[in-house]
Amino acid sequence: MKIKNKNLSDKSKKWLKRHLSDKYVKLSKDNSYRSRAAFKLIEIIDKYKVLKSAQSVIDLGAAPGSWSEVLVERIKSPKKIIAIDLLHLDPLPGVEIIQGDFTSTKFETYIETLSPFDLVISDISPNLSGNKTADFLRMQESIEVAMDISLKSLSKGGHFVAKYFRTGDMSHLITLAKRNFSKVSSFKPDSSRKESSEIYLICLNKKN
Ligand SMILES: C[S@@+](CC[C@H](N)C(=O)[O-])C[C@H]1O[C@@H](n2cnc3c(N)ncnc32)[C@H](O)[C@@H]1O
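Residues numbered from 1 in each chain as written. Predicted model: local features only at pLDDT ≥ 70, side-chain atom pairs only at ≥ 80, totals over all residues. Heavy atoms only, no water.

*Asks:* Which residues make up the environment of serine 153, and what values go with them?
*Replies:* Mapped onto the elements of the fold, serine 153 is located in helix H6 (residues 132-153). Spatially, the C-alpha atom of serine 153 lies 5.9 Å from that of glutamate 112, the residues being 41 residues apart in sequence. Discounting residues that sit within four places of it in the chain, serine 153 has contacts with Ser115, Pro116, Phe117 and Val120. (Helix = DSSP H or I, 4+ residues; strand = E, 2+ residues; numbered from the N terminus. Contact = heavy atoms within 4.5 Å.)

Following this line, the structure appears as structure tokens:
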């Protein structure tokens with residue numbers, strides 16, 4: 001496929017070409033999902049059965065909302081589905097949307113009042129500065145807060161799924177996960193771009 005628009009830089013043309021030929025972009029359009037990210041959660045649900053008997057779920061870093069769309073579609077008898085993001089999310093029937101920073105004490109406290117949850121999912125991608133060390137520290141802070149929320153608000157037997165990036169040492173977090181969940185693994189969905197360092201931490205069956 002040749003992109004002819006002369007106003008685009010070579011980098012933008014390359015991105016557009018890859019985007020237009022991406023099978024998950026096409027699938028997300030065919031299925032009317034807000035983004036191709038929907039398929040990452042679908043793969044996780046199908047492989048790890050994290051929605052089996054789940055009724056209450058919180059989606060951290062939810063915009064534009066495709067993971068929440070999948071939750072609405074797949075949860076048989078939902079009690080509450082909460083979506084939180086720094087950015088605005090268009091309304092989604094069946095989902096309570098909160099706009100704000102989930103790492104702020106105010107929101108952490110509020111989230112606790114909404115608990116317990118059967119599943120906490122986090123697809124957080126902090127805004128990147130380009131400085132690898134600073135970006136890794138921000139990403140690490142986000143996943144640590146997400147883990148903290150899961151430990152405080154999941155019911156016994158609940159699950160936690162969170163994106164992280166393979167750009168630094170996550171051993172401390174994985175040790176914490178293993179202490180608190182019966183089964184812990186990492187999973188790279190087929191729909192996650194090969195060149196992306198993102199990977200998902202899957203923590204099953206919170207111990208107590
Ligand atoms: C990759 S997107 C999530 C895509 C989403 N799972 C979907 O399927 O539509 C990551 C999101 O994390 C959000 N984010 C990053 N830091 C955040 C924070 N501290 N609090 C809330 N949202 C945050 C960003 O605004 C962004 O929308």
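*Asks:* Provide a residue-level description of helix H4 (residues 66-74), including the pertinent values.
*Replies:* All buried positions along H4 are accounted for by Ser66, Trp67, Ser68, Glu69, Val70 and Leu71. The inward-facing, buried residues of H4 contact helix H3 (38-48), strand E1 (56-60), strand E2 (80-85), strand E4 (117-122) and strand E7 (198-206). (Buried < 20%, exposed > 50% of the residue type's maximum accessible area, 1.4 Å probe, protein only.)

*Asks:* How would you sum up the packing of aromatic side chains? Please name residues and give values.
*Replies:* For the structure on display, the rule yields 4 aromatic pairs. With a centroid separation of 5.8 Å and 40 degrees between ring planes, the pair formed by tryptophan 67 and tyrosine 200 is classed as tilted. Here tryptophan 67, found in helix H4, pairs with tyrosine 200, found in strand E7; they are 133 residues apart in sequence, far enough to count as distant. For the pair tryptophan 67 and tyrosine 200, a shared accessibility class is recorded, and that class is buried. An aromatic cluster is defined as three or more aromatic residues linked by ring pairs; in this entry it consists of Tyr24, Tyr33 and Phe39. When the ring centre of phenylalanine 117 is taken as reference, the NZ or CZ atom of lysine 80 above it lies at 5.4 Å. (Phe/Tyr/Trp six-rings, centres within 6.5 Å; stacked < 30°, edge-to-face > 60°. Lys NZ or Arg CZ within 6 Å of the ring centre and 35° of its normal.)

*Asks:* Can you break down the site of the ligand residue by residue, with the values?
*Replies:* Around the ligand sit 19 residues, and of these Gly65, Ser66, Asp85, Asp101 and Asp123 come closest. Alanine 62 is positioned with one of its backbone polar atoms (N or O) 3.4 Å from an oxygen atom of the ligand. Between leucine 86 and the ligand, the recorded distance is 3.2 Å, taken from a backbone N or O atom to a nitrogen atom. Computed on the free molecule, the ligand has an accessible area of 610 Å², of which 88% lies beneath the protein chains in the complex. (Near = heavy atom within 4 Å. Polar contact = N/O pair within 3.5 Å; in protein donor to acceptor, adjacent residues only side chain to side chain. Areas by Shrake-Rupley, 256 points an atom, 1.4 Å probe, with all protein chains shown as cover.)

*Asks:* Give a detailed account of the domain arrangement of the chain, specifying residues and quantitative values.
*Replies:* Each domain of the chain was delimited in the assignment, giving domain 1 (1-30) and domain 2 (35-206). One C-alpha centre belongs to domain 1, the other to domain 2, and the line joining them spans 28 Å. Counting residues at the interface gives 8 residues for domain 1 and 8 residues for domain 2. Between domain 1 and domain 2, the buried area comes to about 660 Å², and carbon and sulfur atoms account for 51% of it. In terms of surface lost to domain 2, no three residues of domain 1 exceed Arg18, Tyr24 and Ser28, which account for 70% of the buried area on that side. At the boundary of domain 1 and domain 2, one finds 3 salt bridges. Between aspartate 190 and lysine 23 there is a salt bridge, with its nearest N and O atoms 3.9 Å apart. (Domains from an automatic or database assignment. Buried area = accessible area lost by both parts, 1.4 Å probe. Salt bridge = Lys/Arg side-chain N within 4 Å of Asp/Glu carboxyl O.)

*Asks:* Give me the environment of leucine 119: which residues, what numbers.
*Replies:* Turning to its location among the elements, leucine 119 is positioned in strand E4. Along the primary structure leucine 119 and asparagine 205 are separated by 86 residues, whereas in three dimensions their C-alpha atoms are 9.8 Å apart. Beyond its immediate sequence surroundings of up to four residues, leucine 119 is in contact with Val50, Leu51, Ser56, Val57, Ile58, Leu154, His159, Phe160 and Val161.

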